Amino acid sequence: MAASARQLRKHWSEMRGRLSLEPPVTEVQLLSAVEKLRERPLIIAPVEMDSQGACGWWVPLPSFDLVLVDEQASGPRRLAIILHELGHMLLGHTPRAVGSLVSPQWVADFDLLPASLLQGATGLARSSYADGAEEEAERYGTMLFGQISEGERQVADQAADPMLALLRDSLGCG
Ligand SMILES: [Zn+2]
């Protein structure tokens, strides 16, 4: 059974502490905090994917985490895909089929991988989590998306107009 929205919020507030993140949190801050927590690089790679199938895929490899993102995705959609995959990662989900799908050579060649093979692989990956995990990751990703969007907006505001941001902070709104 998938965790409730309340459980997921609680999970994130604890996780944010472990990640040493204070709002506003940006995408770059979150990704580098996750790398530190997991003590390994997190590599995000755009790849060609079947539009009918998955649009993201987390592949935990022996020495780094690989997150494959549909190369067609940009802006908010790309961020949403990445955050969904981070949801799987932070919630401790274990992809089932990946070990047999991915070899070190495959990883070395992943940017040269034929699209047809990748489509088959992502099709498998979609059904490779335990029941409820997809729903959890989607909710967690959506929750993170809200936080990151707000974080990016605040940082952009501050960059655009430091005086206005200072004023707004001192007024306690915005
Ligand atoms: Zn998923």
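Here the residue index of a chain counts from 1 through its sequence in written order. In keeping with the predicted nature of the model, local features appear solely for residues at pLDDT of at least 70, side-chain atom pairs appear and are counted solely at 80 or more, and the whole-chain, interface and lining totals rest on all residues.

Asks: Even after reading the chapter, I still don't get the pairing of strand E3 (residues 65-70), so can you show me in this structure?
Replies: Where a strand is regular, its side chains alternate between the two sheet faces. Among the 6 residues of E3, 5 are classified as buried, and the element is accordingly described as predominantly covered. Two strands pair under a simple rule: DSSP has to find at least two bridges between them. The numbering of helices and of strands both runs from the N terminus, where a helix is a DSSP run of H or I of at least 4 residues and a strand a run of E of at least 2. Both strand E2 (residues 56-60) and E3 contribute to a ladder of 5 bridges, which runs antiparallel. Residue pairing across strands places Pro60 opposite Asp65, the latter belonging to E3. The hairpin formed by E2 and E3 contains 4 residues between the paired strands. Put simply, a residue is buried when 20 or more other C-beta atoms lie within 10 Å of its own C-beta and exposed when 12 or fewer do; between those, it is partly exposed, and each C-beta is set from the backbone.

Asks: What is the right way to look at helix H1 (residues 5-18) in this model?
Replies: Three or four residues apart is the spacing at which side chains of an α-helix point the same way, because the helix has 3.6 residues per turn. Given a helix with a known number of residues, its expected span is that number minus one, times 1.5 Å. Under the 1.5 Å per step criterion, the end-to-end length of H1 is 20 Å for 14 residues, consistent within 8% with the ideal 20 Å. With respect to burial, H1 is a largely exposed element, only 1 of its 14 residues being buried. Count one or two residues on from H1 and you reach Ser20, which has phi positive near 55°.

Asks: Looking at this model, I keep getting lost on the nonpolar core. Mind explaining?
Replies: Generally speaking, nonpolar side chains in soluble globular proteins are found buried as a group. Defined on buried residues, the nonpolar core groups Ala, Val, Leu, Ile, Met, Phe, Trp, Tyr and Cys residues joined through C-beta atoms within 7 Å. Ranked by internal contacts, the top residues of the largest apolar core, which has 22 residues, are Val67, Leu68, Ile82 and Leu83. Going through the elements one at a time, E2, E3, helix H3 (75-90) and helix H7 (133-160) are the ones with two or more residues in this core. The element contributing the most residues to this core is H3, with 6 residues. Contact between residues is assigned whenever the C-beta positions, reconstructed from backbone atoms, fall within 7 Å. Discounting residues that sit within four places of it in the chain, Val67 has contacts with Leu42, Ile44, Gly56, Trp58, Ile82 and Glu85.

Asks: Is there a simple way to explain the sheet that holds E2 in this structure?
Replies: Backbone hydrogen bonds are what pair the strands of a sheet, in a parallel or an antiparallel way. In spatial order, the strands read E1-E3-E2; together these 3 strands make up an open sheet with mixed pairing. The outermost strands of the open sheet, each flanked by one partner alone, are strand E1 (42-47) and E2. Taken over all neighbouring pairs, the strand axes of this sheet differ in orientation by 20° on average, direction set aside. What counts as an axis is a line fitted to C-alpha atoms, over the stretch in contact for a helix, and the angles between N-to-C directions run from 0 to 180 degrees.

Asks: Got a minute to help me understand the packing of H3 against H7 in this structure?
Replies: Packed helix pairs are specified by the crossing angle of their axes together with the interaxial distance, meaning the distance between the axes. One way to put it is that H3 packs onto H7 with a least axis distance of 7 Å and a crossing angle of 125°. The angle between H3 and H7 falls in the class oblique. For H3 against H7, the interelement crossing comes out right-handed. Facing Leu79, Ala80, Leu83, His84, Leu86, Gly87 and His88 of H3, the residues of H7 in contact are Ala133, Glu136, Ala137, Glu138, Tyr140, Gly141, Leu144, Phe145 and Ile148. Here roughly perpendicular refers to angles of 65 to 115 degrees, roughly parallel to angles under 35, roughly antiparallel to angles over 145, and oblique to all remaining angles. Left-handed describes a crossing in which the near helix is turned anticlockwise from the far one by less than a right angle; the clockwise case is right-handed.

Asks: So what exactly am I meant to see when it comes to the packing of H1 against H7 here?
Replies: Where H1 contacts H7, the two axes come as close as 10 Å, and the packing angle between them is 55°. In terms of orientation, H1 lies oblique with respect to H7. Seen from above, H1 lies across H7 with right-handed handedness. Where H1 abuts H7, its residues Ala5, Leu8, Arg9 and Trp12 lie against Glu136, Arg139, Tyr140 and Met143. Residues were grouped as follows: Ala, Val, Leu, Ile, Met, Phe, Trp, Tyr, Cys and Pro as nonpolar; Asp, Glu, Lys and Arg as charged; and all remaining residues, including Gly, as polar. Across the contact of H1 with H7, the residue classes break down as 5 nonpolar, no polar and 3 charged.

Asks: Just to check I follow, could you spell out the environment of Leu91 for this structure?
Replies: Its place among the elements puts Leu91 in the loop between H3 and helix H4 (98-101). Separated by 79 residues in the primary sequence, Leu91 and Trp12 place their C-alpha atoms 9.1 Å from one another. Among residues more than four places away in sequence, those in contact with Leu91 are His11, Glu136, Ala137 and Tyr140.

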